[in-house]
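# Report on the structure
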Amino acid sequence: MKVTMQDVARRAGVSNKTVSNVVNDHPHVRPETRARVQRVIAELGYRPNLSARGLRSGRTGVIGLAVPQLRQPYFAELADAVIAAAERRSLGVIIGQAGADRDHETAVLTNGLRQTDGMLFSPEHLGTEDRHLLDDVTYPLVLLGERIFGGPDDHVTMHNVEGARAAVEHLIGLGRRRIAVLGAHPDRRSGQMRPSDLRVRGYREALAVAGLPEDPRLECAVAPWLPQNGVDATRELLASGVEFDAVFALNDSLAIGALRALARAGRRVPDDVAVIGFDNIGDGRFSNPSLSSVDPGREEIAETAVAMLVERIEADPRDVRPPRLHKAAFRIVARESTGGQDDQA
């Protein structure tokens, strides 16, 4: 039989209202009571009736997440983290892909995702010059990523420059001096607020601090950031005859491709060439050798963004709050590809 709110209240020794307050994450519940109710919810497998709750509140109990491409492991894992953060608040998630082209992204931003109370939006083609589009958004919105700053909405992002700089500093600390970077944007424009440009900036900053010269031949333009393109770019770099003893790939998919190409060429990793990526996707633990990477704080990004969105959804429309910017903490995960330990379970 289906478990009801009354069943939870009876087992936990509280009122139905208290169970409702816990389910809806209201703040005025004593911590010990909240913990007891949550424990009973888990034991009984209680699932709130989102449809009934929506009829009472005028909400659907569902939020949206629009990302560029789910074929990119980072966005697939981000979606998983967002779903987990939403489920902790008894919310559902509808996921849409918005990165096909600029017009598609504009349509998603203008219309939101249907039957949702608000949306997390990670654009790829829209930029800061498009922030005027945010003025016409009529639903709660939290932006993710690097593409639109200075608008009226909350924004959760990562330390792209700092994380990239730390990755290259890690390689320099290992004694590497000829460090290639895979993933620069093909148009080579500087000053752009794109992950590729920001991470290349961090790469260059690390070289400058260490007194190492920039070599344009070591900056490899690659798009999109997929494993096969990492293979191809590394093969081209090897064929060019340019000397290098390390590779910083701007995402882990490119890095995994680089590992493949280096192995085929008989270059030992990390003895001959150290390799580090960015994103700390799950598959990196299972590459051979296991992949060092920058963990950009994906779980923190998801948790913070969902919390911000829920606050905006539940806020009184008359309560005008200034937009907030949050950058998640990052860390270097050193595995076998830079001489660290294998952490595979």
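The structure contained in this document is the topic of the report that follows. Along every chain, residues carry numbers that run from 1 in the direction the sequence is written. The model is predicted, so local features are restricted to residues of pLDDT at least 70 and side-chain atom pairs to those at 80 or more, both for listing and for counting; the totals for chains, interfaces and linings are taken over all residues. By convention in this description, side-chain values take in all heavy atoms of the structure and omit both hydrogens and water.

Moving on: helix 7 (residues 160-173). Runs of E in the DSSP output that reach at least two residues are strands. Runs of H or I that reach at least four are helices, and both are numbered from the N terminus. Expected span, for any helix, means 1.5 Å times one less than how many residues it has. Given a rise of 1.5 Å per residue, 14 residues ought to cover 20 Å, and the 20 Å separating the end C-alpha atoms of helix 7 matches this to within 8%. Remark: exposure states derive from per-residue accessible area (1.4 Å probe, protein chains only) relative to the maximum for the residue type, with buried under 20%, exposed over 50%, and partly exposed in between. With 10 of 14 residues buried, helix 7 is to be regarded as a mostly interior element. If you check which residues of helix 7 are buried, you get N160, V161, G163, A164, A166, A167, V168, H170, L171 and I172. Remark: G175 follows helix 7 within two positions and exhibits a positive phi of approximately 90°.

Let us now look at the packing of aromatic side chains. In this scheme Phe, Tyr and Trp rings, the latter by its six-membered ring, pair at centre separations within 6.5 Å, and the angle between planes marks the pair as stacked below 30 degrees, edge-to-face above 60, and tilted otherwise. Evaluation of the coordinates by the stated rule reveals 1 aromatic pair. On the numbers, 5.3 Å between centres and 75° between planes, the contact of Y74 with F75 is edge-to-face. Residue classification places F75 among the buried residues on the basis of a relative accessible area of 16%. Over the aromatic face of F278 sits the side chain of R199, whose NZ or CZ is 3.7 Å from the ring centroid. Against the face of F244 rests R267, its NZ or CZ located 5.7 Å from the ring centre. The rule for a charge over a ring is simple: NZ of Lys or CZ of Arg within 6 Å of the ring centre, and within 35 degrees of the ring normal.

Right, let's get into the pattern of salt bridges. Salt bridge, as applied in this entry: a Lys or Arg side-chain nitrogen positioned within 4 Å of an Asp or Glu carboxyl oxygen. The final tally for this structure, using the stated rule, is 22 salt bridges. Note that R88 and E303 form a salt bridge whose closest N and O atoms lie 2.7 Å from each other. Highlighted residues: R88 in the loop between helix 5 (73-87) and strand 2 (92-97) and E303 in helix 11 (residues 298-314), separated in sequence by 215 residues. For R88, a relative accessible area of 57% gives the class exposed. Residues R217 and D215 are paired through a salt bridge, measuring 2.9 Å at the closest nitrogen-oxygen approach. With relative accessibility at 54%, the residue R217 sits in the exposed group.

With 67 residues, the main nonpolar core has L120, I179, F248 and V275 as its most contacted residues. Buried Ala, Val, Leu, Ile, Met, Phe, Trp, Tyr and Cys residues that are joined via side-chain atoms within 4.5 Å together make up what is termed a nonpolar core. Membership of the second largest hydrophobic core comes to 14 residues, among which are A66, L113, L126 and L141.

Moving on to the packing of helix 1 (residues 5-12) against helix 3 (residues 31-44). Where helix 1 meets helix 3, the closest approach of the two axes is 9 Å, and the angle between their N-to-C directions is 125°. Accordingly, the angle class assigned to the pair helix 1 and helix 3 is oblique. Judged by the twist between their axes, the crossing of helix 1 over helix 3 is right-handed. Judged by residue contacts, D7, V8, R11 and A12 of helix 1 engage R36, V37, V40, I41, E43 and L44 from helix 3. Tallied by class, the residues present in the contact of helix 1 with helix 3 amount to 6 nonpolar, no polar and 4 charged. Between N-to-C directions, angles span 0 to 180 degrees; the directions come from axes that are lines fitted to C-alpha atoms, helices contributing only their stretch in contact. Angles below 35 degrees are treated as roughly parallel, those above 145 as roughly antiparallel, those between 65 and 115 as roughly perpendicular, and all remaining angles as oblique. Take the far helix as your reference; a near helix turned counterclockwise from it by less than a right angle gives a left-handed crossing, and one turned clockwise gives a right-handed crossing. Contacts were defined at the residue level, with two residues in contact if any of their heavy atoms lie within 4.5 Å. Under this grouping Gly is polar, as are all residues other than the nonpolar Ala, Val, Leu, Ile, Met, Phe, Trp, Tyr, Cys and Pro and the charged Asp, Glu, Lys and Arg.

A few words now on helix 9 (residues 227-240). In a regular helix each residue adds 1.5 Å, so 14 residues correspond to 20 Å; helix 9 covers 20 Å between its end C-alpha atoms and thus fits that length. Listing the buried residues of helix 9 in full gives G230, V231, A233, T234 and L237. Packed against the buried residues of helix 9 are strand 6 (179-184), strand 7 (219-221) and helix 10 (252-264). Positioned one or two residues after helix 9, G241 has a phi angle of 85°, which is positive.

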